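Fold and geometry: a report
The chain contents come next:
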Amino acid sequence: MRSKVLIEQALESAVTASEAQGCPPRLAAAVRHAVFPGGARIRPQLCLAVSMACGNDDPGLAMAAACAIELLHCASLVHDDLPCFDNAATRRGQPSVHAAYGERLAVLAGDALIVMALGRFASSGARRIERLPDVMATVVQGVGMPTGIVAGQAWECEPRVSLAEYQRAKTGALFTAATRAGALASGVRAEPWAHLGDWLGEAYQVADDIRDVIADPGLLGKPVGQDATHGRPSAAAELGLGGAVEHFDRLVAQAIASIPHCAGAPQLRQLVQLESERLVPVSMTSTAGVVRRPMVVA
Ligand code: FPP
Ligand code: MG
């Protein structure tokens, strides 16, 4: 919970700095609208949680990575909602950026957020500056080509796509970047932590597919039924609703089992379990007629 507050403060100071004198007011407003109010901030929380589990001996660098990841995520949502992609009128319970400010400012707000994200590394106050290149490279890998979220979105423009490859890039890549960057910021090898990001990324995408079918759009703060409307691959379409929920529960269990042994493992397990309950609550799936066994984490 405390890390969520710190993330909000760091995002606020990044956005405030960009609003300084000389900035076109409507661009500044569009950028603020894209970042606040936020969602669960799950990616930066994951990055910080892994960094803490690994000792967190360079909190400035870990926070820079966490904020960069969240700003890039916000940028991707602004672009994803554009008429040329999902043409979504709402996001996080308010008009999407293009609905509020028009298409041109939405494109520019996304661009500005990408650059703002990179700027976080320049002003991180990192103590262990030698770790910076690997942390940055990991974040960049999670976003760009060949297998980051930009590539994931681009699979929607291909005539054929494998569901696993598409979801791994479109959603999983940034989760994997979050766990890897958290470890690297604390001077720990990224590989053992990559699995947690992989499993969580897949679980999150399956949760998104499930919520797109059965969630209340008012509570979700964005339109539902988008996968069917846009003919997109989805776990719910491929496995049926019950199969998708079962798949989600299995992925969460795999994520928890993949957490490397370390002092902070119990807290991390708890975070993953709480997040999974928030994403796909038993109350939501039982209303839709899906029976599940609640998970118990030791
Ligand atoms: C939401 O998916 C969108 C993403 C997970 C990634 C979108 C990526 C881009 C638009 C590429 C551009 C990237 C940057 C950094 C500018 P969804 O439509 O399945 O979920 P939703 O229901 O939340 O819209
Ligand atoms: Mg969308």
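It should be noted that the structure appears before, not after, this text.
Here we summarise the structure given alongside this text.

Calculation notes
Residues numbered from 1 in each chain as written. Chains lettered and ligands numbered in written order. Predicted model: local features only at pLDDT ≥ 70, side-chain atom pairs only at ≥ 80, totals over all residues. Heavy atoms only, no water. Helix = DSSP H or I, 4+ residues; strand = E, 2+ residues; numbered from the N terminus. Rg over C-alpha atoms; globule rule 2.2 N^0.38 Å. Buried < 20%, exposed > 50% of the residue type's maximum accessible area, 1.4 Å probe, protein only. Contact = heavy atoms within 4.5 Å. Areas by Shrake-Rupley, 256 points an atom, 1.4 Å probe, with all protein chains shown as cover. Lys, Arg positive; Asp, Glu negative; His and termini not counted. Charge placed at Lys NZ, Arg CZ, Asp CG, Glu CD. Patch = residues over 30% accessible without salt bridge, like charges linked within 9 Å, V, L, I, M, F, W, Y side chains within 5 Å. Salt bridge = Lys/Arg side-chain N within 4 Å of Asp/Glu carboxyl O. Phe/Tyr/Trp six-rings, centres within 6.5 Å; stacked < 30°, edge-to-face > 60°. Lys NZ or Arg CZ within 6 Å of the ring centre and 35° of its normal. Near = heavy atom within 4 Å. Polar contact = N/O pair within 3.5 Å; in protein donor to acceptor, adjacent residues only side chain to side chain. Axes fitted to C-alpha atoms, helices over the stretch in contact; angles between N-to-C directions. Parallel < 35°, antiparallel > 145°, perpendicular 65-115°, else oblique. Nonpolar A, V, L, I, M, F, W, Y, C, P; charged D, E, K, R; others polar. 1 Å grid on protein atoms, 1.4 Å probe; cavity = no way out; pocket = protein on both sides within 12 Å on 5 of 7 lines; lining within 4 Å. Points joined across faces, edges and corners; volume = space filled by probe spheres on them. Left-handed = near helix turned anticlockwise from the far one by under 90°. Core = buried A, V, L, I, M, F, W, Y, C linked by side-chain atoms within 4.5 Å.

Another aspect to go through is the overall build of the protein. A tally of helices and strands in the protein yields 15 helices and 2 strands. In terms of overall dimensions, the protein is globule-like: its C-alpha atoms have a radius of gyration of 18 Å, near the 19 Å expected for 298 residues. Based on the C-alpha atoms only, the size of the protein along its principal axes is roughly 55 × 50 × 35 Å. In the protein, which comprises 298 residues, the share counted as buried stands at 50%. Contacts in the protein between residues at least 24 apart in sequence constitute 71% of all its contacts with a sequence separation of at least 6. Accessible surface, the protein as shown: approximately 13,700 Å² in total, 59% of it carbon and sulfur. Where the 26 positive side-chain charges of the protein centre and where its 29 negative ones centre are 4 Å apart.

Together, I114, V115, L118 and V140 give the surface a local cluster of nonpolar side chains, amounting to about 340 Å² of exposed area. If you tally residues by element for the nonpolar patch, the top one is helix α6 (residues 103-122), at 3 residues. You can see I114 is positioned in helix α6.

This part takes up the packing of aromatic side chains. To describe a pair of aromatic rings, you give the distance between the ring centres and the angle between the ring planes. What the rule picks out here adds up to 1 aromatic pair. The ring of Y204 has R43 sitting right over it, with the charged end atom 5.0 Å from the ring centre.

What surrounds ligand 1 is a group of 16 residues, the closest being D80, D86, R91, K170 and K222. In this structure, an oxygen atom belonging to ligand 1 sits 2.7 Å away from a side-chain N or O atom of D86. Here an oxygen atom of ligand 1 and a side-chain polar atom of R232 are 3.3 Å apart. For ligand 1, whose accessible area on its own is 630 Å², the fraction buried by protein is 91%. The set of elements that each furnish at least two residues to the shell around ligand 1 consists of α4 (59-80) and α8 (149-154).

Where α4 meets α6, the closest approach of the two axes is 8 Å, and the angle between their N-to-C directions is 170°. When the axes of α4 and α6 are compared, the pair comes out roughly antiparallel. Between α4 and α6, the contacting residues are A64, A65, C67, A68, L71, L72, C74, A75, V78 and H79 on the first element and A106, V107, G110, D111, L113, I114, M116, A117, R120 and F121 on the second. Of the residues in the contact of α4 with α6, the class split is 16 nonpolar, 2 polar and 2 charged.

So, about empty space enclosed by the protein. All told, the structure shown has 2 cavities of 30 Å³ or more when counted by the stated rule. If you add up the space inside the largest cavity, you get close to 140 Å³. Looking at the largest cavity, it is lined by 15 residues, and the ones nearest its centre are I42, L200, V272, E275 and S276. Of all the secondary structure elements, the ones that give two or more residues to the lining of the largest cavity are α3 (42-53), α10 (191-214), α13 (235-258) and α14 (265-279). Looking at the lining of the largest cavity element by element, the count peaks at 5 residues for α14. Taken together, the residues of the lining of the largest cavity sort by class into 12 nonpolar, 2 polar and 1 charged.

Attention now goes to the packing of helix α1 (residues 2-18) against α3. Orientation of α1 relative to α3, taken along the N-to-C sense of each, is 120°, at an axis distance of 10 Å. Between α1 and α3, the crossing angle belongs to the class labelled oblique. Every pair of crossing elements has a handedness; the one defined by α1 and α3 is right-handed. When α1 is examined against α3, the residues S3, K4 and I7 are found in contact with a partner set consisting of P44, Q45, L48 and M52.

Counting 83 residues, the largest nonpolar core has L113, W193, L196 and F248 as the members making the most contacts within it. No other element matches α4, which puts 14 residues into this core. In contact with W193, not counting residues within four places along its chain, are V50, A53, C54, T179, A183, V188, I259, P260, C262 and L268.

With that out of the way, let us pick up the environment of A215. Tracing the backbone through its elements, the reader meets A215 in the loop between α10 and α11 (217-220). Note: C-alpha distance between A215 and V280 (65 residues apart in sequence) is 9.1 Å. A215 has contacts with I210, L220, V224 and M284, leaving out every residue within four places of it along the chain.

Per the stated rule, a full pass over the model turns up 18 salt bridges. Where E19 meets R32, a salt bridge forms, and the shortest distance between an N and an O atom there is 2.6 Å. Here E19, found in the loop between α1 and α2 (25-35), pairs with R32, found in helix α2; they are 13 residues apart in sequence, far enough to count as distant. According to the relative accessible area criterion, E19 is partly exposed, its value standing at 28%. Sharing partners across several salt bridges, the network here consists of E8, R41, E70 and R92.

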